Amino acid sequence: MANNEKTIEIEVLRYRPEEDDKPFLQSFKVPFTDDMSVLQGVQYIKDYLDGSVSFRWSCRMAICGSCGMMINGVPKLSCKTFLREYYPGKITLEALKHFPIEKDLVIDLSDFIGKLESIKPYIVPDAPRALEEGEYLQTPRQLDRIAQFSSCINCMLCYAACPQYGLKPEYLGPAAIALLHRYNEDNRDSAKAERMQLLNAHEGVWGCTLVGYCSEVCPKDVDPAAAINRNKVNSTIDYLLRFVAPRGGN
Amino acid sequence: MSTRKPYVRPMTGWWLKNPVYIRYILRESTAVFVGIYAVILLIGLIRLSSGEAAWNGWIDAMRSPGAILFHCVALGAAVYHAITWFAVAPKVMPPLYFKGEKVPVEKLVTAQYILAGVIYLVLLGLILWS
Ligand code: SF4
Ligand code: FES
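Quick caveat, the model's predicted, so the values are computed rather than measured. (Residues numbered from 1 in each chain as written. Chains lettered and ligands numbered in written order. Predicted model: local features only at pLDDT ≥ 70, side-chain atom pairs only at ≥ 80, totals over all residues. Heavy atoms only, no water.)

Brief notes about the overall build of chain B
Here's step 1: The number of helices and strands found in chain B is 4 helices and 2 strands.
Here's step 2: When the elements of chain B are put in sequence order from the N terminus, they spell out α-α-α-β-β-α.
Here's step 3: On C-alpha atoms alone, chain B measures out to a radius of gyration of 23 Å, which is more than a quarter above the 14 Å that the 2.2 N^0.38 rule sets for 130 residues.
Here's step 4: Taken over the C-alpha atoms alone, chain B extends approximately 80 × 50 × 25 Å along its principal axes.
Here's step 5: If you take every contact in chain B between residues at least 6 apart in sequence, the share linking residues at least 24 apart comes to 38%.
Here's step 6: Carbon together with sulfur atoms contributes 76% to the accessible area of chain B, which is approximately 9500 Å² in total.
Here's step 7: Across chain B, the 12 positively charged side chains and the 5 negatively charged ones have centroids separated by 18 Å. (Helix = DSSP H or I, 4+ residues; strand = E, 2+ residues; numbered from the N terminus. Rg over C-alpha atoms; globule rule 2.2 N^0.38 Å. Contact = heavy atoms within 4.5 Å. Areas by Shrake-Rupley, 256 points an atom, 1.4 Å probe, with all protein chains shown as cover. Lys, Arg positive; Asp, Glu negative; His and termini not counted. Charge placed at Lys NZ, Arg CZ, Asp CG, Glu CD.)

Below, the structure written as structure tokens:
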């Protein structure tokens, strides 16, 4: 084991709100084996080199969405990225771009959580359904329309990829719009009219200029850019229908 | 007492910081060339309506090396824009189903090239024929 252990340099963009006015890079030498993820590299730093380095993680298996960070400038899940991919080069870690840094690799995600809440990320049924009526049925085709968009794990890598979000933080952004689309397209849902108002707004789909990087970095193949741009069409139709039907045709 | 002091990183020079952003800016700037090309065409139309001499003058101007160079660059820009557009268009439209199966994006991308090819051939045929 010890023989094939190599050492990689990991630079971490540190920011300690009590002491620092702005972030600075701190370099660490981390011994690693081929099966170690970048997250494990940072855990090594915290356990053995500097206990004050802060970062988020939980599942270690690309499911909880909490370990996202900029790895050499690219937003990635650190538990799904391996140190060996960068060796013998060095790795530079930075908190997810476009979010305020709370401390080191930890971002302030309250803006995203607020947006997520605003799109009503749950099924709003038309009328309450009694238990005896059984489950809501859905055909494979109906499921297929939403399956891809429901795989989102709220990791916010897409926000860190989106320069429009960095420039205009009021923009609803990729994941929130992808999830909005997921619920709007669900045959069991009936809150489309309310959600359309968020989409139609200037901060909604029209904040997107199709840079497309969000879909490239998404670890779950959600393709938020597709959801956003499909909804530019929906938003236009909704706008035109408003002249004919008062509720935007919904 | 809260010691929170979230740090907001500046966005200056963001478009140079990632090859994806550079490609995006390139794609968007193709619009400048297409726009100038449209203006040149429009001027041509105006010259056409103001008599033969004016029209011939415009044609001569179009034959200058500068004009030819610009048209080559504008063509390149338009083709680059078309390629990027063809790559994303099938993703941004609602899914198409054929016999109950979702039509794969790659097939739709190819279909656009075929369609564009057919349109060009028809146009070329019309021009050569007239
Ligand atoms: S859309 Fe993809 S990148 Fe964005 S939060 Fe969801 S899983 Fe993460
Ligand atoms: S630790 Fe859960 S996604 Fe990486």
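From this point, things continue past the structure.
Quick notes on helix 1 (residues 38-49) of chain A
Residues and elements named next belong to chain A.
Here's step 1: Over its 12 residues, helix 1 extends 15 Å from the first C-alpha to the last, a length consistent with the 16 Å expected when each residue adds 1.5 Å.
Here's step 2: Along helix 1, the residues that are buried comprise V38, L39, G41, V42, Q43 and I45.
Here's step 3: Against the buried residues of helix 1 lie strand 1 (6-14), strand 2 (24-32), strand 3 (68-71) and strand 5 (91-94). (Expected span 1.5 Å × (residues − 1). Buried < 20%, exposed > 50% of the residue type's maximum accessible area, 1.4 Å probe, protein only.)

Thoughts on the pattern of salt bridges
Residue and element names in this part refer to chain A.
Here's step 1: In total, this model carries 20 salt bridges over all chains according to the counting rule given.
Here's step 2: Taking the shortest distance from any N to any O, the salt bridge between D104 and R14 comes out at 3.0 Å. Of this pair, D104 sits in the loop between strand 6 (101-103) and strand 7 (106-107) while R14 sits in strand 1, and the two are 90 residues apart along the sequence.
Here's step 3: Take D104: its relative accessible area is 0%, and that puts it in the buried class.
Here's step 4: Overall, the relative accessible area of 1% leaves R14 in the buried class.
Here's step 5: Where E194 meets K120, a salt bridge forms, and the shortest distance between an N and an O atom there is 3.4 Å. (Salt bridge = Lys/Arg side-chain N within 4 Å of Asp/Glu carboxyl O.)

Quick notes on the packing of helix 6 (residues 174-184) of chain A against helix 7 (residues 192-200) of chain A
Residues and elements named next belong to chain A.
Here's step 1: Closest axis-to-axis distance for the helix 6/helix 7 pair is 10 Å, and the angle between their directions is 155°. Accordingly, the angle class assigned to the pair helix 6 and helix 7 is roughly antiparallel. Helix 7 is crossed by helix 6, and the crossing has left-handed handedness. Contacts between helix 6 and helix 7 pair I177, L180, Y183 and N184 from the former with K192, R195, M196, L198 and L199 from the latter.
Here's step 2: Residue classes in the contact of helix 6 with helix 7 are distributed as 6 nonpolar, 1 polar and 2 charged. (Axes fitted to C-alpha atoms, helices over the stretch in contact; angles between N-to-C directions. Parallel < 35°, antiparallel > 145°, perpendicular 65-115°, else oblique. Left-handed = near helix turned anticlockwise from the far one by under 90°. Nonpolar A, V, L, I, M, F, W, Y, C, P; charged D, E, K, R; others polar.)

What to know about the site of ligand 1
Here's step 1: As a structural note, the neighbourhood of ligand 1 is formed by C152, I153, N154, C155, M156, L157, C158, A175, C218, P219, V222 and P224 of chain A.
Here's step 2: Taken together, the residues of the shell around ligand 1 sort by class into 11 nonpolar, 1 polar and no charged. (Near = heavy atom within 4 Å.)

Remarks on helix 1 (residues 19-49) of chain B
Here's step 1: Here helix 1 of chain B is 31 residues long and its end C-alpha atoms lie 46 Å apart, about the 45 Å a rise of 1.5 Å per residue gives.
Here's step 2: Regarding helix 1 of chain B, the residues found buried are V20, Y21, Y24, R27, T30, I40 and G44 of chain B.
Here's step 3: Residues of helix 1 of chain B that are buried sit in contact with helix 4 (157-161), helix 5 (163-167) and helix 8 (213-217) of chain A together with helix 2 (52-62) and helix 3 (65-92) of chain B.
Here's step 4: For helix 1 of chain B, the side-chain oxygen to backbone nitrogen distance between the N-cap and V20 of chain B is 2.9 Å, and the N-cap itself is N18 of chain B.
Here's step 5: Where helix 1 of chain B ends, the next residue or the one after it, G51 of chain B, has phi of about 105°, a positive value. (Polar contact = N/O pair within 3.5 Å; in protein donor to acceptor, adjacent residues only side chain to side chain.)

Focus: the environment of T30 of chain B
Residues and elements named next belong to chain B.
Here's step 1: Within the fold, T30 resides in helix 1.
Here's step 2: In this structure the C-alpha to C-alpha distance between T30 and A74, which are 44 residues apart in sequence, comes to 7.7 Å.
Here's step 3: What T30 contacts, discounting residues up to four positions off in sequence, is A77, Y80 and H81.
Here's step 4: One polar contact links the side chain of T30 to the main-chain carbonyl oxygen of R27, over a distance of 2.4 Å.

A word on the packing of aromatic side chains
Here's step 1: A full pass over the atoms with the stated rule returns 14 aromatic pairs over all chains.
Here's step 2: When the centroid spacing of 4.9 Å and the interplanar angle of 90° are considered together, the rings of Y159 of chain A and Y165 of chain A count as edge-to-face.
Here's step 3: Taking the relative accessible area as the measure of exposure, Y159 of chain A reaches 0% and is therefore buried.
Here's step 4: On the basis of an interplanar angle of 35° and a centroid distance of 6.4 Å, the ring pair of W14 of chain B and Y24 of chain B is categorised as tilted. Note that W14 of chain B is positioned in the segment before helix 1 and Y24 of chain B in helix 1, a separation of 10 residues in sequence. Taken individually, W14 of chain B and Y24 of chain B each receive the classification buried, so the pair is uniform in this respect.
Here's step 5: Put simply, the rings of Y213 of chain A together with W14, W15, Y21 and Y24 of chain B touch in pairs and so form one group of aromatic residues.
Here's step 6: The cationic tip of R84 of chain A hangs over the ring face of F82 of chain A; the distance from NZ or CZ to the ring centre is 4.4 Å.
Here's step 7: R129 of chain A extends its terminal NZ or CZ atom over the ring of Y136 of chain A, reaching a point 4.5 Å from the ring centre. (Phe/Tyr/Trp six-rings, centres within 6.5 Å; stacked < 30°, edge-to-face > 60°. Lys NZ or Arg CZ within 6 Å of the ring centre and 35° of its normal.)

Re the side chain of R182 of chain A
Residues and elements named next belong to chain A.
Here's step 1: Here R182 shows up in helix 6.
Here's step 2: With relative accessibility at 9%, the residue R182 sits in the buried group.
Here's step 3: Reaching out from R182, the side chain makes a polar contact with the side chain of D186 at a distance of 3.0 Å.
Here's step 4: Among residues more than four places away in sequence, those in contact with R182 are I146, F149, S150 and R188.

What to know about unusual backbone geometry
All names here are of chain A.
Here's step 1: Residue P88 is bonded to the preceding Y87 through a cis peptide linkage, with omega at 5°.
Here's step 2: Counting through the fold element by element, P88 comes out in the loop between strand 4 (74-77) and strand 5.
Here's step 3: Positioned with a positive phi, K120 is a non-glycine residue whose angle comes to about 50°.
Here's step 4: For K120, the location among the structural elements is in the loop between helix 2 (110-118) and helix 3 (140-147).
Here's step 5: Take K120: its relative accessible area is 25%, and that puts it in the partly exposed class.
Here's step 6: One non-glycine residue with positive phi stands out, namely M156, at about 65°.
Here's step 7: Tracing the chain through its elements places M156 in the loop between helix 3 and helix 4.

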